[in-house]
Amino acid sequence: MTPERETPNRERTPSGATATTRTRARLDQPRPPRRRLLPEWDPEAFGRLSERIARFLGTGRFIVWMTVVIIAWVLWNVFAPGDLRFDNYPFIFLTLMLSLQASYAAPLILLAQNRQDDRDRVNLEQDRKQNERSIADTEYLTREIAALRIGLGEVATRDWIRSELQDLMKELEARQHDGHALFPAERSDRPSGRDVDDRS
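Residues numbered from 1 in each chain as written. Predicted model: local features only at pLDDT ≥ 70, side-chain atom pairs only at ≥ 80, totals over all residues. Heavy atoms only, no water.

Focus on the overall build of the chain
1) Next: Within the chain, the regular secondary structure consists of 6 helices and 0 strands.
2) Next: Among the 200 residues that make up the chain, the fraction classed as buried is 8%.
3) Next: Considering only intrachain contacts with a sequence separation of at least 6, the fraction spanning at least 24 residues in the chain is 47%.
4) Next: Counting every atom, the chain has about 19200 Å² of accessible surface; 59% of that belongs to carbon and sulfur. (Helix = DSSP H or I, 4+ residues; strand = E, 2+ residues; numbered from the N terminus. Buried < 20%, exposed > 50% of the residue type's maximum accessible area, 1.4 Å probe, protein only. Contact = heavy atoms within 4.5 Å. Areas by Shrake-Rupley, 256 points an atom, 1.4 Å probe, with all protein chains shown as cover.)

Considering the packing of helix H2 (residues 43-57) against helix H4 (residues 92-153)
The axes of two packed helices give the description: the angle between them and the distance between them.
1) Next: Between H2 and H4, the least distance of the axes is 8 Å, while the angle of their chain directions is 115°. Between H2 and H4, the crossing angle belongs to the class labelled roughly perpendicular. Between H2 and H4 lies a crossing whose hand is left-handed. Contact residues: Pro43, Glu44, Phe46, Gly47, Arg48, Ser50, Glu51, Ile53, Ala54 and Leu57 in H2; Gln101, Ala105, Leu108, Ile109, Leu111, Ala112, Arg115, Gln116 and Arg119 in H4.
2) Next: Tallied by class, the residues present in the contact of H2 with H4 amount to 10 nonpolar, 4 polar and 5 charged. (Axes fitted to C-alpha atoms, helices over the stretch in contact; angles between N-to-C directions. Parallel < 35°, antiparallel > 145°, perpendicular 65-115°, else oblique. Left-handed = near helix turned anticlockwise from the far one by under 90°. Nonpolar A, V, L, I, M, F, W, Y, C, P; charged D, E, K, R; others polar.)

Quick look at the confidence of the model for the chain
1) Next: Across the chain, pLDDT averages 80, with 78% of residues at or above 70.
2) Next: Looking across the chain, the model is least confident in helix H6 (residues 193-199), with a mean pLDDT of 48, and most confident in helix H3 (residues 60-79), with 93.
3) Next: A low-confidence stretch, residues 193-200 stays under pLDDT 50, and its non-local contacts, those more than four residues away or across chains, total 2 contacts. (pLDDT = per-residue confidence, 0-100.)

As for the side chain of arginine 115
1) Next: Considering the arrangement of structural elements, one finds arginine 115 in helix H4.
2) Next: Using a relative accessible area of 17% as the deciding quantity, one classes arginine 115 as buried.
3) Next: Looking at arginine 115, its side chain comes within polar contact range of the side chain of glutamate 51, at 3.0 Å.
4) Next: Discounting chain neighbours no more than four positions away, the residues touching arginine 115 are Pro43, Glu44, Gly47, Arg48, Ser50 and Glu51. (Polar contact = N/O pair within 3.5 Å; in protein donor to acceptor, adjacent residues only side chain to side chain.)

Re the pattern of salt bridges
1) Next: Under the definition given, this model contains 7 salt bridges.
2) Next: With a shortest N-O distance of 3.0 Å, glutamate 51 and arginine 115 are connected by a salt bridge. Of this pair, glutamate 51 sits in helix H2 while arginine 115 sits in helix H4, and the two are 64 residues apart along the sequence. Pair check on accessibility: glutamate 51 and arginine 115 agree, each one buried.
3) Next: One salt bridge connects aspartate 118 with arginine 121, and the closest N-O pair in it is separated by 2.9 Å. Of this pair, aspartate 118 and arginine 121 both sit in helix H4, 3 residues apart, which is roughly one turn of the helix. (Salt bridge = Lys/Arg side-chain N within 4 Å of Asp/Glu carboxyl O.)

Topic: the environment of isoleucine 70
1) Next: Residue position: isoleucine 70 is located in helix H3.
2) Next: Sequence-wise, isoleucine 70 and leucine 94 are 24 residues apart; in three dimensions their C-alpha atoms are separated by 8.0 Å.
3) Next: If we skip the residues at most four places from it in the chain, isoleucine 70 touches Leu94 and Leu98.

Shown next, in the form of structure tokens:
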């Protein structure tokens, strides 16, 4: 076969912008999760566990249990038969276990304290915002009460109306005792309405 005949049968690879044959990542869909070699853990769950351990380490129950374990350890390694002892007199293994326990306890306590500090910071921020809202509400209510007091200063109160009516009643009674007409505008020499109509 000649090379000229082989070329038409050969598949042509596309050139240009469509030359890439790999699948493109779609932007409208989330990426699939990647596999990780390291194990994953929930930091909140680990923080809650550290807080529980730190709370237990700060109780009297932990001190009592620790004392019981150390006393049992020492008594077993002193009075037990020689072939059953696992840590002889200098108690090096006990010292190692206590150092290991302390090296784990300190970071756990610090982690619990950091979480508590974060919670306290959030609580303080919320309290500060609540105090600001309370101060704003109190100032608004103070302004409203002052406006109401100013407005009520110009309104006739019940006691003021009562005192005015009592003064009028006293004045009317005084005029009746003196013999004056109750209404001085109405005099007997003034023609009545019917007479005025007849004259007209």
